[in-house]
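Coordinate inspection notes
These are the residues of each chain, in order.
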Amino acid sequence: MIRPIGRVLPALLLAAAILAAWEAYTRASGIRPQVLPPPSRVLLEGWAFRGLIWSHTLPTLGETAIGFSLAIVLGTAAAVAIDFSRAVRRALYPALVASQAIPVVAVAPLLVLWFGFGIAPKALVVALVTFFPITVGWVDGFASTERAASNLLRSMGASRWQVFRLVRLPGALPSFFSGLRIAITYAVIGAIFAEYVGAKRGLGIFMQLQQNSFRTDLVIAAVVVTAAISVALFLATSALERAVIPWHHASRETER
Amino acid sequence: MTPPRLLVRGIHKRFVDGDRTIEVLRDVALEAGAGEFVSVIGPSGCGKSTLFNIIAGLEDAGAGAVHVDGDLVTGRAAHTEAFAYMPQQDLLFPWRRVMDNTTLGLEIRGVPRAAARARAGALFARFGLAGFEEAYPYTLSGGMRQRAALLRTVVQERPILLLDEPFGALDALTRMELQEWLAAVSSEFGWTVLLVTHDVREALLLSDRIVVLTPRPASVAATIAVPLPRPRALEVLADRAFIEAETGVLRALRAGSAVPVDGSGGGR
Ligand SMILES: Nc1ncnc2c1ncn2[C@@H]1O[C@H](COP(=O)(O)OP(=O)(O)OP(=O)(O)O)[C@@H](O)[C@H]1O
Ligand SMILES: [Mg+2]
């Protein structure tokens, strides 16, 4: 699809205006860069330290990828089990909701205590915060199947598994992708949070180190990198969605 | 004497909804010979779709029996195999191309893909869908969607077709076109059809016999024969026998509803 420049222009203009105001304020007020550095400094220093930042970005990306994959596998399995068995639904749903009430602040140090300073506790935190929207996306999607559609398939002699594979599963994909897009925006933050608690490398620990040495400019540079990763992953998820379920967008756009 | 293709006897059905019980069908009976076209007509919400679900084996009846070619099928595993069912909504799946929608029933039965596509493909021209095999359903007009849904139904080659208001959602002009078309193809292929409709003229144009149901709880108010050769074209509307049958159907519909017709509680 061609995205006309006019559609991204307002966002770019707003960002430029904010940056200009920020730059002007820091210069006019003479505020110390340890407190609030101007965006130009963030850019220059961030660029100067790009090698270091990149070496801290890679572990974060790895943790995010592993944790998110884990959440997709577990979330999908849980959703299918919930869809097939009422007993599983009754048993699992309260546990799922409760898992979202767990304060990550409290659990992350425990995970580090149990699994060490390696990649495992970070991936688990990512999985913990992304598992729920993925599962709920699937479950809602499965449940949105019309009764008449299942009836039609049964009239054709379909087994329960065939009804699931041919109607419930494809029909649930739009809802699953909605859940996935919400989940991916939590994923990177989850990894960075876990790194804050205890890590050798990663953007989270990088931010903490720079904060301790009053390099506010580098902290903000790392925040920018984090945001960029989140946006990129979100766009990638949307692109994947368009590739996997082209019929969904096409049929919606004609309805407008 | 050979038994009728379809024989439905003594169907009762009630739904329990919390502490409320809704009696929907009360002793409904009907039959259709091979190659016969029978319409079921009745006020909205009287239980026509429920009756079809029971005949198709998708829903259990409180009492009653469905026989196909003399064999009792109610409650048998083979029940659904006698029927090809077209539900009230077209239910074309948006993620399947038109061809893949129409071969769905064959796919479920395990017919190889190439054979299934060949069988459905042979019907596309007669159903006015040639050239749309690889299109997605959202690109079809309302009339084409209904024809695609009907193609998906008939390609299963089951002995009896159950069509639940196939033209209910269409505009008057398209509906008339499709009625004439269905009149022609159903005689051409010799289908045995049970059709639900609200539309008295549609029933008269298409059917050998019309079963008129009362408001809920539905029972058979009258069965009216239409003594005209099929297929019929719209010109038949002026025929004397047509007008007599129409009067009979309208009378049965009115006699059935002691309360005003729109007080039947159905809503769509
Ligand atoms: N699963 C169900 N549970 C409870 N009540 C139901 C159920 N299915 C249908 N009913 C009720 O049974 C009655 C008959 O419904 P049905 O859909 O068979 O009517 P219909 O004649 O096909 O109506 P329409 O012409 O509007 O399609 C309605 O009052 C409906 O509310
Ligand atoms: Mg109905």
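Residues numbered from 1 in each chain as written. Chains lettered and ligands numbered in written order. Predicted model: local features only at pLDDT ≥ 70, side-chain atom pairs only at ≥ 80, totals over all residues. Heavy atoms only, no water.

**Structural notes on the coordination of the magnesium ion (ligand 2)**
Residue and element names in this part refer to chain B.
- Protein coordination at the magnesium ion (ligand 2) comes from Ser-49 (OG) and Gln-88 (OE1), with a distance range of 2.0 to 2.4 Å. With Ser-49 in helix 1 (residues 48-55) and Gln-88 in the loop between strand 6 (83-86) and helix 2 (98-102), the pair connects residues that are 39 residues apart, well separated along the chain.
- Accessibility expressed as a relative area gives 27% for Gln-88, which makes it partly exposed. (Donors = N, O, S within 2.8 Å, 3.2 Å for Na, K, Ca; no water. Helix = DSSP H or I, 4+ residues; strand = E, 2+ residues; numbered from the N terminus. Buried < 20%, exposed > 50% of the residue type's maximum accessible area, 1.4 Å probe, protein only.)

**Some words on the domain arrangement of chain A**
Residues and elements named next belong to chain A.
- Entries for chain A in the domain assignment read domain 1 (1-31) and domain 2 (35-255).
- Put simply, the middle of domain 1 and the middle of domain 2, counted by C-alpha atoms, are 28 Å apart.
- Its residues placed into classes, the side of domain 1 that touches domain 2 shows five nonpolar, one polar and two charged. (Domains from an automatic or database assignment. Nonpolar A, V, L, I, M, F, W, Y, C, P; charged D, E, K, R; others polar.)

**So, the sheet that holds strand 1 (residues 6-17) of chain B**
All names here are of chain B.
- Ordered by their spatial adjacency, four strands build an open sheet running 2-1-4-5, and the pairing between neighbours is antiparallel. Because the sheet does not close on itself, it has two edges, and the strands there are strand 2 (20-32) and strand 5 (71-72).
- Lying over the sheet, helix 1 contacts strand 1, strand 2 and strand 4 (63-68), oriented at roughly 120 degrees with respect to strand 1. (Pairing = 2+ DSSP bridges. Contact = heavy atoms within 4.5 Å. Axes fitted to C-alpha atoms, helices over the stretch in contact; angles between N-to-C directions.)

**Structural notes on the domain arrangement of chain B**
All names here are of chain B.
- With domains assigned, chain B is organised as domain 1 (1-82 + 159-268) and domain 2 (93-157).
- Of note, the centres of domain 1 and domain 2, computed from C-alpha atoms alone, are 25 Å apart.
- The interface of domain 1 with domain 2 comprises 14 residues on the first partner and 11 residues on the second.
- When the area that domain 1 buries against domain 2 is broken down by residue, the three leading residues are Leu-178, Trp-181 and Trp-191, summing to 38%.
- Here domain 1 is connected to domain 2 by one salt bridge.
- Of the charged contacts in the structure, one is a salt bridge between Glu-188 and Arg-126, with a shortest N-O distance of 2.9 Å.
- The interface formed by domain 1 and domain 2 contains two residue pairs in polar contact (both at pLDDT 80 or more).
- Of all the secondary structure elements, the ones that give two or more residues to the side of domain 1 that touches domain 2 are strand 7 (160-164) and helix 6 (172-189). (Buried area = accessible area lost by both parts, 1.4 Å probe. Salt bridge = Lys/Arg side-chain N within 4 Å of Asp/Glu carboxyl O. Polar contact = N/O pair within 3.5 Å; in protein donor to acceptor, adjacent residues only side chain to side chain.)

**Structural notes on the packing of aromatic side chains**
- Evaluation of the coordinates by the stated rule reveals 11 aromatic pairs over all chains.
- Measuring from centroid to centroid gives 5.1 Å for Phe-142 of chain A and Phe-164 of chain A, while their planes differ by 55 degrees, and the two rings are tilted. In this pair, Phe-142 of chain A sits in helix 6 (residues 119-143) while Phe-164 of chain A sits in helix 8 (residues 160-197), placing the two residues 22 residues apart along the sequence. The exposure classification of Phe-142 of chain A matches that of Phe-164 of chain A, with both residues buried.
- Ring plane angle 10 degrees and centroid distance 5.2 Å describe the contact between Phe-189 of chain B and Trp-191 of chain B, whose orientation is recorded as stacked.
- The rings of Phe-84, Trp-138, Phe-142, Trp-161, Phe-164, Phe-176 and Phe-177 of chain A are connected pair by pair, giving a single aromatic cluster.
- In this structure, Arg-50 of chain A packs its charged tip against the face of Trp-47 of chain A, placed 4.3 Å from the ring centre. (Phe/Tyr/Trp six-rings, centres within 6.5 Å; stacked < 30°, edge-to-face > 60°. Lys NZ or Arg CZ within 6 Å of the ring centre and 35° of its normal.)

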